[in-house]
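Notes for the structure review
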Amino acid sequence: MSSRTLYLDNNATTQVDPAVVAEMLPWLSEHYGNPSSAYGLGKRALEGIEAARARVAALLGCDTAELIFTSCGTESINTAIQSAIALDPDRTHIVTTAVEHSATMKLCEHLARRGYEVTWLPVGPDGQLDLEKLEKAIRPDTALVSLLWANNETGVLFPVERIAEICRAKKVLFHCDAVQAVGKISLRLADSGIHFLSVSGHKLHAPKGVGVLYTSKRVRFTPLLRGSQETARRGGTQNVASIVALGKAAEIAATHLAEEQTRVRALRDRFEATILSRLPGTSVNGDRENRLPNTTSLAFEGIEAEGALLLLDERGVCCSAGSACTSGSVHPSHVLKAMGCTNERARASLRFSFGRFNTEAEIDEAIEIVVAVVEKLRALSPVGSGPVLVS
Ligand code: PLP
């Protein structure tokens, strides 16, 4: 095992910013009141929550009253979709895409078993949607369109503003899973035509276990967790310290948006360009133009990603496979498969995602390790026989 960690998996989670930790600590010790309590200690906790709400609203460009704190991105997504379908019981059709995060996919699969009809829009080889197909898929009984802003595996950005326009014209609700987009690209929700938008704290240098749901004031909302907190829109005593942390993370993210577009993008581009030139037989998965500045998904001919991950981990590099490992069997990524990748290509793909704590020296070190690991695996692979399975 390497003693040094080269963390290139910022789409999985991010390091909590030390400034965020510092901001949150007093809320775990001295300010421990229940925000619903009427005395000073409780009021102080509520003030902390409201200050955080204002910071998140500033990042998202919306009103504070439109934000509900949740426990994670998954809860926000589940709440948005269930709220939208609760609005009109006669609308039993949902439009989503074939490349969604499991939070959306699993809920839509569940709803399909409960009698809803789900249209899974396909994507092209670049991971992009055909907007004409989206428009045609919307019907009079469509309750909701729910899709990603930025894909967690490839970083591909859907044209959310245009999609919101289509939904507006068709008078259908639109939920956007912006878990990977927030903090990386600039958003302004006011007048955007987006009705619901999901955010997760741990993707933007806040801790795990806190999220936000934007719910437009133009739409009637139905809670998932019933109770009195969050103006009766999300029951359960708020996770005050993590909410304060998310507020600080949002404030910092707002000041670092330009850096994501320049310094983080430059790190990603340097890594990608060097790997592509030093390892022939490597290619990028998905649209390279309309993509998050921090993500690259690379297919390495002649390797098996699961084996590469083990060797990279031994050398301190953290990244992800384009495939998920479930109870011992390797399933190629549904995202790469939806883009038309063969099983072989999907299994030979690795995702590297960068963040503001990465340095140029780390990138250069990681490049040498990735090149050595891929060359080693390729040397083990019998020529022309496809990827080798390591262990
Ligand atoms: N949506 C996307 C695109 C994600 O990448 C993730 C997390 O990986 C989620 C939703 C779920 O967020 P959370 O881990 O906060 O539940």
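Quick word on the nonpolar core
Residues Leu60, Trp149, Phe174 and Leu197 are the most contacted members of the largest nonpolar core, which totals 67 residues. It is helix 8 (residues 240–278) that provides the largest number of residues to this core, a total of ten residues. Core analysis: the second largest hydrophobic core is formed by 31 residues, Phe271, Leu298, Ala321 and Ala348 among them.

Here's the deal with the sheet that holds strand 9 (residues 282–284)
Spatially, 9-10-15-12 is the arrangement adopted by the four strands of the open sheet, whose pairing is antiparallel. Taken across any chain shown, the strands that pair with only one partner, and hence form the sheet edges, are strand 9 and strand 12 (320–321). Pairing analysis gives three bridges linking strand 9 to strand 10 (residues 295–300), with the strands arranged antiparallel. Along strand 10, the bridge assignment pairs Ser283 with Ala299.

Points about the site of the ligand
Around the ligand, a shell composed of 13 residues is seen, among which Thr74, Asp177, Gln180, Ser200 and Lys203 lie nearest. Contacts to the ligand include Gln180, whose side-chain N or O atom sits 2.8 Å from an oxygen atom. Contact with the protein chains removes 88% of the 390 Å² of surface that the ligand exposes when unbound. Of the residues assigned to the shell around the ligand, the class counts are four nonpolar, seven polar and two charged.

A short note on the pattern of salt bridges
What the rule picks out here adds up to 24 salt bridges. The partner of Arg55 in a salt bridge is Glu23, with the nearest N and O atoms 3.0 Å apart. Of this pair, Arg55 sits in helix 2 (residues 40–60) while Glu23 sits in helix 1 (residues 18–24); the two residues are 32 residues apart in sequence, bridging distant segments of the chain. Overall, Arg55 belongs to the partly exposed group, its relative accessible area being 23%.

Points about unusual backbone geometry
Residue His205 is not a glycine yet carries a positive backbone phi of 70°. Here His205 shows up in the loop between strand 7 (196–200) and strand 8 (211–215). Its relative accessible area of 5% is what places His205 among the buried residues. Its identity is not glycine, yet Thr231 carries a phi of approximately 45°, on the positive side.

What counts and how
- Residues numbered from 1 in each chain as written.
- Predicted model: local features only at pLDDT ≥ 70, side-chain atom pairs only at ≥ 80, totals over all residues.
- Heavy atoms only, no water.
- Core = buried A, V, L, I, M, F, W, Y, C linked by side-chain atoms within 4.5 Å.
- Buried < 20%, exposed > 50% of the residue type's maximum accessible area, 1.4 Å probe, protein only.
- Helix = DSSP H or I, 4+ residues; strand = E, 2+ residues; numbered from the N terminus.
- Pairing = 2+ DSSP bridges.
- Near = heavy atom within 4 Å.
- Polar contact = N/O pair within 3.5 Å; in protein donor to acceptor, adjacent residues only side chain to side chain.
- Areas by Shrake-Rupley, 256 points an atom, 1.4 Å probe, with all protein chains shown as cover.
- Nonpolar A, V, L, I, M, F, W, Y, C, P; charged D, E, K, R; others polar.
- Salt bridge = Lys/Arg side-chain N within 4 Å of Asp/Glu carboxyl O.

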